[in-house]
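# Coordinate analysis (summary)
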Amino acid sequence: MHQLTGLLATNFGSPSGVTTQDHYTRELWRLSGYFSVPIGLLVLGLIAYAVLRYRRRPGDDRKPAQFQYHIPLEATYTIIPLVIVAVIFGFMYSAENHVNKIAAKPAVAITVDGFQWGWRFVYPNGHVQIGTADYNNINTNNDLPVLVMPSNETVQLHVVSLDVVHTFYVKEFLFNRDLIPGINNVFDINVTKPGLYPGQCNNICGEYHAYMRFLVDVMAPAQYKAWYANQPACSITTAGVSAIQKGNCSVINAGSNFSGNTQG
Amino acid sequence: MYRPKLLQVGVIVWLASELMFFSGLFAAYFSLRSATRPWPPKGDILDVPPVLVATILLVLSSFTMQYGVHRAIKGSKWGFIGWTAMTFVLGGLFEGMQISDYLSRPFSISKDAYGSAFYTLTGFHFLHVAGGLIAMIIVGVRVIRTPRFGHRTMPAIEMLSYYWHFVDVVWVAMFLAIFVLK
Amino acid sequence: MTLLEQRTSITFEGHEPNLMEIVPGPRPHGILKYVTSTDHKQIGLNYLITAMIAFGVAGLMALVMRTQLIVPNNHFVSENVYNEMFTIHGTLMLFVFAGPFAFAGFGNYLVPLMIGAPDMAFPRFNNLSYWLYLGGFSLLMAGFLTNNGAAQFGWFGYAPLTEAIHSPGPGADLWLAGIGLTGLSGIFTAVNIITTVFTLRAPGMVMFRMPIFVWNILVTMFLILLAFPVLTSAFAMLWIDRHLNGDFFRAAHGGQPILWQNLFWFFGHPEVYILALPYFGIVTEILATMSRKPVFGYKGMIAATLSIGALSMGVWAHHMYTTGAVLLPFFAAMSLLIAVPTGIKFFNWIGTMWRGTIVLNTAMLFCLGFLSMFLFGGITGVILAQPVLDFQLHNTYFVVAHFHYVLLGGIMGGLGGLYYWYPKMTGRKMSEKWGKLGFALIFLGFNLTFFPQHDLGLRGMPRRIETYNAGMGWNFLNELSSIGAYITGVGVLVTAWNFFSSWRKGEIAGDNPWDGQTLEWACSSPPPDHNFEALPPIRSERPVWDANHPDMLTEVGH
């Protein structure tokens, strides 16, 4: 029995996530596995059985059966899949509501701007983390923009594209969301495990799409507070180097006027 | 045994694809409209009365076209030619009024999304009407030059009328969407 | 003449062939025959061969991509070349190969034969369709000759990346024009085939006696009619944006980039079924013939095809779950529902084999390859149809693996069709020995290429990246995948060799080598102009079988 539950607890290859929401994603993935693995094996088994059992061997003079309809059987394999699909839909619907829930009062709200080919993270006090990767060597993490977030708190990300369509994607969050000009996308994320997570643009956005990477640095809440207190308002951190730009807050924070004519 | 005529089925199926093409344009128009306030945007001013007159002329031309088909069925070659000539004049007038309307619009195709949608929708319709006029000339010449007017020319005449009615109906929908439901 | 002597001894009770006008005079020869032919069989062959060339070209591009990705931080090709490769690979595979190969190639060749018609409804129009299609293919390839290279924004060309300021140069315009022409050609083919099926069926060939292949092509043609014109309208808008400074997809001027996605996928999802349905039809025909049985649940099969067609019009936004701008539950429900008719098809295919006498030749092996791979692609499809899981897997290699299982599954069916109808087209059989070798290589190589990609997706590798960081845990799986691609390439070469060498040297097949069931096996191989000298009486959906096996008619009742 213990082995059986162990087997049923398999993740079917899915990575373990680090947020509170990904629990629902993995549950759904597992549920899909419970349905699809047996069904797949059943169908594959039936095909293999039919082919092996009824194949014509040399000197075989069987007459093939000539039946064409079996209404009860056909009705059965119409109705059972319908029921399965309905069940999957039900589970999916409730999970979706959890994953897409948006808190009225998040602990931190950060604007994530994507552009060709880098990221800009704007904090409530006007501090900006910005960077584009080194286009010559993808193996180096120098110059990557860093998104700093507290753990165990609801962080609201407002994703905005400054030119073409991009996608915010961090594998460990088990989550994608597009940055589309003209569309306001907001989602909540609550990371339970501090750490450094790689992220990447996940929608073809031009020549250096592959290099549009970033890092998410999730800190314990106290550590985050200390870090945040250290970032002067309206300062920019580019490639790890901070620069304070006094009186320039509006320029730094102007969401859609990043470089004049970037709006396609 | 009854068999539908090849050309008839073919043209109707092809008109279905034309309908889907205009549906795509309409979908774009309503999608843009749903997210833009005010609609039409400032400065995009329409002049409805002349377009209403053009619309009436085009609707009228559907009737003259149908009467021409009716005359052709009765075997009257010159009856058909006469009524088609009238249809041609009405269609030509519509095109002329469209051109004069375009020339007097204060906005262009590149001003904003409204301008793009306005000129794209009406422009594609304009081209379809022009295609209809050309088809009328071709069918008319064929009819005049054929020594035996009869069932061999009928399919082309009927298909011309199907197309013309289709173009007409699309315009009525376009007129309602762009000029009435502002 | 040797072929005539070998004809089987079917005697048909005298139905006069329903011939249309026969053009007098000598028939064109040589290259002129291919250029000017209005014969549906010649045009079908033109399509099949052109599509296979496109498959080869797009396959080479796939090998370039797999070579680039075989190790991390590789510089085999530049970013722009890589982007061109995946864009044109996808475009060619979808618009020039997979679709036209089945619905225009096999469709043109087989639909008139299967319904007992002498030719298509509009033969000259049919010729025009082919040349538009070839023109589209040429324009797509011409992009490589321009200064800025071919299109580089992926086959679904999301605005505003496709706007003039982000993708300057004629490459993108040639992409628009090329797809536009193949789309127009598809619409013309649809008009032609729908008219043919509605008006030129032989006496006795009522709709519910048409082979499943013809039904599937018919539904496909309606999907083309509904989907392609909408793509044309979107292309017109994009062209206006690029050249007349329009604002349809420019957010700063009141336009909507998301509008492109809606219009594109409104076309794009039916397109998936435009690609898949003809292959379902091919596989159904082969399974029935090789099992020597009627199609199990014939009417249920048609109902399933119709409902797949209907549902496919309402699922486009499942490509857009992560945009945050679509009604998730509706599109999820519709997308999940499609699994039901597809499941019915699977059980009907198994039912068709059940208690038959199955001949395991190359055509049948390819069908089994289709069944197993399409099954897998279908299951991952049910996973991706759920928005919450799509949030995780969207645009990762999991998706790449999913649709390659679906599409290459279909293409396996298409290769089966090639082996199955080759004797009809040429009078000769393709070599079974080379055929089985080709199948083994393609099946093995394909699974080695794409199975690891599921795991790559779960490990977070985005699609369309030109290179990747060595520390992501993707290296080994990419290596496997690339090796698989090379094996697939060898398999395709073997199959192509078999195809071309059997044309002159293959074993003489006779008119009905597989003991076929449907009307195309009633004429000689290859069929003469205007197809039939005489038709067997059509009293069920398998007239040739009924004529040849009066002792084994379909059992009535369930």
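Computed from a predicted structure; not experimentally measured.

With that out of the way, let us pick up the interface of chain B and chain C. Every contact between the two is made by 29 residues of chain B and, on the other side, 32 residues of chain C. Between chain B and chain C we count 0 salt bridges in total. Summed over the shared surface of chain B and chain C, the number is 4 residue pairs in polar contact (both at pLDDT 80 or more). Residue contributions to the side of chain B that touches chain C peak at 16 residues, all from helix α1 (residues 6–34) of chain B. Classifying every residue of the side of chain B that touches chain C gives 18 nonpolar, 8 polar and 3 charged.

Residue-level contacts link 101 residues of chain C with 86 residues of chain A. Put simply, Lys-63 of chain A and Asp-551 of chain C hold a salt bridge, and the shortest N to O gap is 2.9 Å. Our enumeration of links across chain C and chain A arrives at 30 residue pairs in polar contact (both at pLDDT 80 or more). Put simply, the parts of the chain that give the side of chain C that touches chain A at least two residues each are α4 (79–114), α8 (257–291), α9 (298–312), α10 (328–337), α11 (339–353), α12 (362–384), α13 (387–393) and α15 (432–458) of chain C. No other element matches the 9 residues that α11 of chain C contributes to the side of chain C that touches chain A. Each residue belonging to the side of chain C that touches chain A can be placed in one class, and the counts come to 55 nonpolar, 30 polar and 16 charged.

Attention shifts here to the arrangement of the chains. Here the protein chains form 2 pairs of chains in contact, of which the pair with the most contacts is chains A and C. The two units chain A and chain B never meet; even their closest C-alpha atoms stay 10 Å apart.

Here we take up the packing of α4 of chain C against helix α14 (residues 397–426) of chain C. Residues and elements named next belong to chain C. Interhelical geometry of α4 versus α14 gives an angle of 35° and a closest axis separation of 11 Å. Of the two elements, α4 crosses α14, and the hand of that crossing is left-handed. Note on element contacts: α14 touches α4 through Tyr-397, His-404, Leu-407, Ile-411, Gly-414, Gly-417, Leu-418, Trp-421, Lys-424 and Met-425, opposite Tyr-82, His-89, Leu-94, Phe-97, Phe-101, Phe-106, Tyr-109, Leu-110 and Met-114.

As a further point, take a nonpolar patch on the surface. The grouping of Ile-79, Leu-82, Val-83, Val-87 and Phe-91 of chain A at the surface amounts to a nonpolar patch, some 420 Å² of accessible area in total. In this fold, Phe-91 of chain A is placed in helix α3 (residues 71–99).

This paragraph deals with the pairing of strand β1 (residues 108–115) of chain A. Residue and element names in this part refer to chain A. Burial within β1 is extensive, with 6 of its 8 residues counted as buried. Summarising the sheet, β1 and strand β5 (residues 155–161) pair through 7 bridges and their orientation is parallel. Its bridge partner lying in β5, Val-108 is registered against Val-155. Taken together, the 5 bridges between β1 and strand β2 (residues 118–122) define a ladder with antiparallel strand orientation. Considered in β2, the bridge of Phe-115 is made with Gly-118. Hairpin connection between β1 and β2: a loop of 2 residues separates the two successive antiparallel strands.

Counting residues in each nonpolar core, the largest one holds 303 residues, and the members touching the most others are Met-149, Phe-168 and Phe-173 of chain A together with Phe-106 and Met-353 of chain C. In this structure, Ile-130, Val-160, Leu-162 and Ile-236 of chain A belong to the second largest nonpolar core, which totals 7 residues.

Omega for the peptide link from Gln-116 of chain A to Trp-117 of chain A comes to 0°, which places this bond in the cis form. Topologically, Trp-117 of chain A is positioned in the loop between β1 and β2. Cis rather than trans, the peptide bond between Ala-159 of chain C and Pro-160 of chain C has omega equal to 5°. Within the secondary structure, Pro-160 of chain C sits in the loop between α5 (123–142) and α6 (170–199). The residue Arg-355 of chain C is not glycine, and still its phi comes out positive at about 60°. If you trace the backbone, Arg-355 of chain C turns up in the loop between α11 and α12.

Quick look at the packing of aromatic side chains now. By the definition in use, this model includes 100 aromatic pairs over all chains. Their ring planes at 80° and their centres at 5.4 Å tell us that Trp-117 of chain A and Tyr-208 of chain A sit as a pair that is edge-to-face. With Trp-117 of chain A in the loop between β1 and β2 and Tyr-208 of chain A in the loop between β9 (195–201) and β10 (213–219), the pair connects residues that are 91 residues apart, well separated along the chain. Positioned over the ring face of Phe-208 of chain C is Lys-299 of chain C, at 5.8 Å from the centre of the ring. Sitting over the face of the ring of Phe-156 of chain C, Arg-464 of chain C holds its NZ or CZ atom 4.4 Å from the ring centroid.

Reading guide: rules and limits
- Residues numbered from 1 in each chain as written.
- Chains lettered and ligands numbered in written order.
- Predicted model: local features only at pLDDT ≥ 70, side-chain atom pairs only at ≥ 80, totals over all residues.
- Heavy atoms only, no water.
- Contact = heavy atoms within 4.5 Å.
- Salt bridge = Lys/Arg side-chain N within 4 Å of Asp/Glu carboxyl O.
- Polar contact = N/O pair within 3.5 Å; in protein donor to acceptor, adjacent residues only side chain to side chain.
- Helix = DSSP H or I, 4+ residues; strand = E, 2+ residues; numbered from the N terminus.
- Nonpolar A, V, L, I, M, F, W, Y, C, P; charged D, E, K, R; others polar.
- Axes fitted to C-alpha atoms, helices over the stretch in contact; angles between N-to-C directions.
- Left-handed = near helix turned anticlockwise from the far one by under 90°.
- Patch = residues over 30% accessible without salt bridge, like charges linked within 9 Å, V, L, I, M, F, W, Y side chains within 5 Å.
- Areas by Shrake-Rupley, 256 points an atom, 1.4 Å probe, with all protein chains shown as cover.
- Buried < 20%, exposed > 50% of the residue type's maximum accessible area, 1.4 Å probe, protein only.
- Pairing = 2+ DSSP bridges.
- Core = buried A, V, L, I, M, F, W, Y, C linked by side-chain atoms within 4.5 Å.
- Phe/Tyr/Trp six-rings, centres within 6.5 Å; stacked < 30°, edge-to-face > 60°.
- Lys NZ or Arg CZ within 6 Å of the ring centre and 35° of its normal.

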